[in-house]
Amino acid sequence: MQQAHIILVGSGGQPYRDYAFRSLAGRYRLSALLPADPTWQQPHLQDWRTADLTDPDAVTGALKELADDGSAVLTWDETVLEVTAEAAGRLGLHHMSARSAQRCRDKYLTRRLLDEAGLPAVRHGLAHTAREAEEIAARLGFPVVVKPRALAGSVGVVRVEEPEAVAAAFELAGGAGYATLPNGHGILVEEFLDGPEISVDSAVLDGEVSCVQVAAKRLGYAPHFEETGHLVKGWDGTEPWADEVHALVTAAHTALGVEAGVTHAEVRLTSRGPRLVELNGRLGGDLIPYAGQLATGVDLVRAAAAVALRERPDLAPTRALTTEVRFVYPPHDGRVAAVSVGRAAELPGVAHAATLVAPGDTLLLPPRQPIPRLAVLIAEAADEAGCAEVLARALPEVTSEVVPLTGEPGR
């Protein structure tokens, strides 16, 4: 029997998506549409094309060359989600609609549609100038959060405590590297949502939403929202907030018209109940799907491929563990002279250990550079406390030499 054909649009970096390529190549005939010829991706591919992934016409043409009867298209790249959806729609390939992709990508549009649907509100405003941002912040009351209208990975997002800091936050959000809407579309100013933040990964087929896994987000570098790690486990519905979160996430999919795909919702568990931060129309990043597979046995990458093929994904858990993704950052801005994870991968409970940069790379701490990480560890254990014990043993194995930009060696 011939393998089903998956055409992947975009790639992501090897440290963050190699597991996803391996998962697909083990089950499907895999092709890719990339911005440049494949390097590390090539052993997993049977065919590929290169194209300008910002151009819907170019993507449509390249997909048409790659597609055959029964092909399905998939992307986990936030920045090409809308273009992929538009091209798939033109070719009659099953995918989240272009309209729904836009609604997920445009965070201001998300807010409007959630309000219209009567979902728990997050007070907000859209600012086109620093002065407008200051006026909105004064109306909402401090603290506020200033962030790009289109973003990923909390890049360009900052908590602002006082009026004097709003203009600088507006400038930071406007220059964020992942804010891909054209200049002039505005910056979001929102009320600050108290409480811990979680993410919920779901599989959606024909509008039916199945919550699969949940992750408690680790944040650092306040007042910025750098994602320094994720504590991941399967969705079992036992937490006191589970019913409310499930209802909110499901209703958000309906409000945005998301009927197909694997999605990544971010939610704040506030003192007034859960509030949706955003709904992303693609797989989670930061190795969250991989950590979820280690915890539950459910492969969300293959689930996304199954949905793309209009097949019901296998979401039955075979494990009941907890995993924790932990990223290691440099102590200061600088150039990486050396980095190693040592014997970390050999320690009991360490499921994954890898460096994320190479000697010679320059890293600038938030907010000056998105995700300036040295290495990553993934621990697995029965519960959160067990993961903490594993990481306490593994983190000392990660060593680095980072030369400050002033020229003095650092560690």
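Worth saying up front: this structure is predicted, and the values here are computed from it rather than measured.

Cut-offs used in this document
Residues numbered from 1 in each chain as written. Predicted model: local features only at pLDDT ≥ 70, side-chain atom pairs only at ≥ 80, totals over all residues. Heavy atoms only, no water. Salt bridge = Lys/Arg side-chain N within 4 Å of Asp/Glu carboxyl O. Helix = DSSP H or I, 4+ residues; strand = E, 2+ residues; numbered from the N terminus. Buried < 20%, exposed > 50% of the residue type's maximum accessible area, 1.4 Å probe, protein only. Pairing = 2+ DSSP bridges. Axes fitted to C-alpha atoms, helices over the stretch in contact; angles between N-to-C directions. Parallel < 35°, antiparallel > 145°, perpendicular 65-115°, else oblique. Left-handed = near helix turned anticlockwise from the far one by under 90°. Contact = heavy atoms within 4.5 Å. Nonpolar A, V, L, I, M, F, W, Y, C, P; charged D, E, K, R; others polar.

Colleague: Kindly report on the pattern of salt bridges, identifying the contributing residues and their values.
Modeller: Under the definition given, this model contains 30 salt bridges. Residue Asp18 is joined to Arg22 by a salt bridge in which the shortest nitrogen-to-oxygen separation is 2.9 Å. Placement of both Asp18 and Arg22 in helix α1 (residues 14-25) is noted, with a separation of four residues, approximately one turn of the helix. The buried category is assigned to Asp18, whose relative accessible area is 19%. The exposure class assigned to Arg22 is partly exposed, which follows from its relative accessible area of 45%. Put simply, Glu78 and Arg282 hold a salt bridge, and the shortest N to O gap is 2.7 Å. Highlighted residues: Glu78 in the loop between β4 (72-74) and α3 (81-91) and Arg282 in the loop between β13 (273-280) and α9 (288-296), separated in sequence by 204 residues. The burial state of Glu78 is the same as that of Arg282; both residues are buried.

Colleague: Describe in detail the pairing of strand β9 (residues 197-205), supporting the description with residues and values.
Modeller: Summarising burial for β9: nine of the nine residues are buried, a large majority. Of the two faces of β9, the one carrying Glu197, Ser199, Asp201, Ala203 and Leu205 and the one carrying Ile198, Val200, Ser202 and Val204 are both buried. Pairing analysis gives nine bridges linking β9 to strand β12 (residues 260-270), with the strands arranged antiparallel. Residue pairing across strands places Ala203 opposite Val262, the latter belonging to β12. Pairing between β9 and strand β10 (residues 208-220): eight bridges, direction antiparallel. Looking across to β10, one finds that Ile198 is bridged to Ala216. Joining the antiparallel neighbours β9 and β10 is a turn of two residues, in which Asp206 adopts a positive phi near 55°.

Colleague: Which residues make up the packing of helix α6 (residues 130-140) against helix α7 (residues 166-174), and what are the values?
Modeller: Two elements in contact, α6 and α7, have axes separated by 9 Å at closest approach and are oriented at 120°. In terms of axis orientation, α6 runs oblique to α7. Regarding α6 and α7, the two cross each other, and that crossing is right-handed. Of the residues in α7, those touching α6 at Ala130, Ala133, Glu134 and Ala137 are Val166, Ala167 and Phe170. Per-class residue counts for the contact of α6 with α7 are six nonpolar, no polar and one charged.

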